[in-house]
Structures are given as structure tokens and as C-alpha cells.
Amino acid sequence: MLIRVPKKSEIKEHELTPESVYHSRRDILKKLGIVTATLPFAAQSQANIFDIFGGDDEKKADVLFQRSALTGQPSTYGAGLPLTPENKVLTYNNFYEFGTGKNDPVDNSQSFKVDPWKLEVTGLVNNPISLSYEDLLKRFTLEERLYRMRCVEAWSMNIPWIGFSLGDLIRAADPLGSAKYVAFETLYDPKQMPGQASQFVGGGIDYPYVEGLRLDEAMNDLTLLSVGLYGQTLAPQNGAPVRLVVPWKYGFKSIKSIVKIHLLESQPATTWNLLARHEYGFYANVNPQVDHPRWSQGSERFIGEGSIFSSRRQPTAMFNGYQEEVASLYKGLDLRSNY
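Everything numeric here is computed off the predicted structure, so don't read it as measured data.

**Student:** An account of the overall build of the protein chain is needed here, citing residue identities and associated values.
**Tutor:** The helix and strand tally for the protein chain stands at 11 helices and 13 strands. Considering the protein chain as a whole, with its 339 residues, one finds that 55% of them fall into the buried category. Long-range pairs, those at least 24 residues apart, make up 74% of the contacts in the protein chain between residues at least 6 apart in sequence. In the structure as shown, the protein chain presents an accessible area of about 14,200 Å², 51% of it carried by carbon and sulfur atoms.

**Student:** Before we move on, could you go through the packing of aromatic side chains and cite the residues and values that matter?
**Tutor:** Scanning the model with the defined rule gives 14 aromatic pairs in all. With centroids separated by 5.4 Å and ring planes inclined at 85 degrees, the aromatic side chains of phenylalanine 282 and tyrosine 283 adopt a geometry described as edge-to-face. Grouping residues by exposure puts phenylalanine 282 and tyrosine 283 together as buried. Within the aromatic cluster, the residues linked to one another by ring pairs are Tyr181, Phe282, Tyr283, Phe319 and Tyr330. A cation over a ring is seen here: arginine 148 above tyrosine 322, with NZ or CZ 5.4 Å from the ring centre. A cation over a ring is seen here: lysine 253 above phenylalanine 282, with NZ or CZ 4.4 Å from the ring centre.

**Student:** Can you break down the nonpolar core residue by residue, with the values?
**Tutor:** Taken as a class, soluble globular proteins show a tendency for nonpolar side chains to be buried jointly. Counting 83 residues, the largest nonpolar core has Leu169 and Ile261 as its most contacted members. With 6 residues, strand β5 (residues 155-165) is the largest single contributor of residues to this core. Contact partners of isoleucine 261, with chain neighbours within four places excluded, come to Leu119, Glu120, Val121, Thr122, Leu166, Leu169, Val182, Ala183, Phe184 and Leu225.

**Student:** How would you explain the pairing of β5 if you had to name every residue and give the values?
**Tutor:** Looking down a regular strand, the side chains alternate between one sheet face and the other. Burial within β5 is extensive, with 11 of its 11 residues counted as buried. Counted between consecutive antiparallel strands, the loop separating strand β4 (residues 143-150) from β5 contains 4 residues, among which alanine 154 sits at a positive phi close to 75 degrees. Bridge analysis of β5 against strand β12 (residues 299-302) gives 2 bridges, and the strand direction is parallel. Counted as the bridge partner of tryptophan 155 is arginine 301 from β12.

**Student:** Describe unusual backbone geometry, listing the residues and the values that go with them.
**Tutor:** With an omega dihedral of 5 degrees, the bond running from tyrosine 207 to proline 208 counts as a cis peptide bond. By the secondary structure assignment, proline 208 is in the loop between α8 (194-197) and β7 (210-214). The omega angle of the peptide bond from alanine 240 to proline 241 is -5 degrees, so this bond is cis rather than trans. Inspection of the secondary structure assignment puts proline 241 in the loop between β9 (232-233) and β10 (243-245). Phi is positive for alanine 154, close to 75 degrees, though the residue is something other than glycine. Take alanine 154: its relative accessible area is 7%, and that puts it in the buried class. Positive phi, normally seen in glycine, also occurs at alanine 284, with a value near 55 degrees. Here alanine 284 shows up in the loop between α10 (271-275) and β12.

How each quantity is defined
Residues numbered from 1 in each chain as written. Predicted model: local features only at pLDDT ≥ 70, side-chain atom pairs only at ≥ 80, totals over all residues. Heavy atoms only, no water. Helix = DSSP H or I, 4+ residues; strand = E, 2+ residues; numbered from the N terminus. Buried < 20%, exposed > 50% of the residue type's maximum accessible area, 1.4 Å probe, protein only. Contact = heavy atoms within 4.5 Å. Areas by Shrake-Rupley, 256 points an atom, 1.4 Å probe, with all protein chains shown as cover. Phe/Tyr/Trp six-rings, centres within 6.5 Å; stacked < 30°, edge-to-face > 60°. Lys NZ or Arg CZ within 6 Å of the ring centre and 35° of its normal. Core = buried A, V, L, I, M, F, W, Y, C linked by side-chain atoms within 4.5 Å. Pairing = 2+ DSSP bridges.

Below, the structure is given as C-alpha cells:
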């Protein structure tokens, strides 16, 4: 298994988008009427927007990939959490389909084409579903939720996601009584994803990437299918056009660029569990009491304002701080052996 050490960040202090800029940007977009709930990458004249926002450094996060403004109903999730600056969320990523370095996804994904897109819900359901991206936005009510995100590598971010509860989609598919698990699959397209075309670039993973949840985990209200962040549609390095967000689990469970959701009776074989079972268990719940074989999980480096590698360390909370909402899912389960 190839695991690359993160490269030193090239992000400069003046390239960051703090919370105040984020909120003022969204206010300006709303006033201008530049809000869309149609196709994610519809042509827009962004030059006028950039004139409003100012210099080149502030607009770098926007020109990386053509994204559209997107709004969701505000929720109470994450109220008061300090935001990770937008440019760090856009440029510090794990997405091995585009390379194993933290900067590889943003460098290698900017020509990624996601229109048209098809998301299928199949398996043990009475009503199999096939949806375009436009269908997702029209059929489900979008919310904006600020969630903690904890990586298994012991760093964390706080991100304002836009999306809808996965449970709403699963209920629409009408699961059979025999359905116990949900498997997710990322797009397989080696022509667009260099990590899928090369074992060296892609970290030795057998693609397509597959992840899974128990059905009750998938139906929990916290589990989000995200179509955007920071008031805009997802950039490809963040999992465009639709990704999973499961905030009480390590980030590798939040599979990106999803094309298939399959309900089944038995626990699915998932990518990291197959590749390194002793390091990455099926459940992957954030648990500071169970260390990774090569490092402690007791604390994390929170990525906020300032340099990424000077960011402050903080204690890691059980279930990433969502214990009240999800601990009951694991009553009677040994979380040391089921890590």
C-alpha cells in the first residue's frame, strides 16, 4: 500500500477565505440573484462576480473549477463552530482517484466532466431509482449544515456543507425488509481519473472505490448526501457532483463522486477494509481510545486560520462530538474490535 506523506502547504495567508468573507460573498450573490438550483456547472459570467470580490487571491478558489452558487435552508447543525477557510477545503484533499498527495486532487481534476451524471439506487428495494444531478436538486430539499470532519490521519476541518439527508433518498427507494446494509460506489473512469489508470498514482487501490454503512447508520438524520459547500456546488476535488458526509466517522467513509447506491443483506466489502483490514475497520467511527496502528487518535490538528502545519492541536471527541446523536446505534457493540 502506498501512503504518501503530505507535502508542505503552498497556501499563503492572504489566499484564505475567512468566515466573514464567506458570509459577505453569499449575501452579495443573493442580492445579485446569482443562485441556481439547476445544473451544477451551467455557464455563468463570473468576471462580474470577481470584480465585486476583489483581487486575484480571493478569486483563486472560484476559478479552480466552474462552480455555481447554491443555497440550502439553514439548519442548527454546527452552530458556533469556527469555519475552516474555503481555500483550504478546496486545496487540501484526499481523493486518490486524482493522486495521493494533498495537492494532487486539485491539480489533476480541473478538467473532470460531471455533466451528464447518473446516480442509481438499486438492490433490495421495491422502487429502484435513477437520478440525474438536476433530479437530485429538484426532488429533495437542500439544507446547509456545518459539520466537523475528522480524517483518520488525525487532522480535522469544519465545513459548511449543502445537501440533504441520505435517508430521504433511501425511503424513496422503499427498502425491502431484508435490506441491512448500504454500499456506495465512486465513478470508474480511468480516462478522467489518473489514479484509476495508474497503480502508482492511485496508491495501489483496486478501483472503483467502494464504501458501506449499516442501514440504520445510513438512515440517521446526520448522514448527508452533499452537493455543495461554502455556498457553491462541489468542486471535483471535493467529490463533485455528489458525495457522502458521515460526520461521526473518519473521512474515508465519506465517499466522493457517487454513481451507485446498493442495498443488500450482508456487510459489503469496502475498499480500505480490503486493502488494510488491520488499519481500517468497516465501522471507522471516530474513537480517540482506539489508536491507528501507526499513530495516536487521541488528538487532532485542526485546520483553521493560519498555516496548515502550524494549526493548533485539540483533543479528539468520541464520535467526533456527535455522541448524543449516534451512540445508541452501537449499544452492545465492542468498538475496539469493531473499529
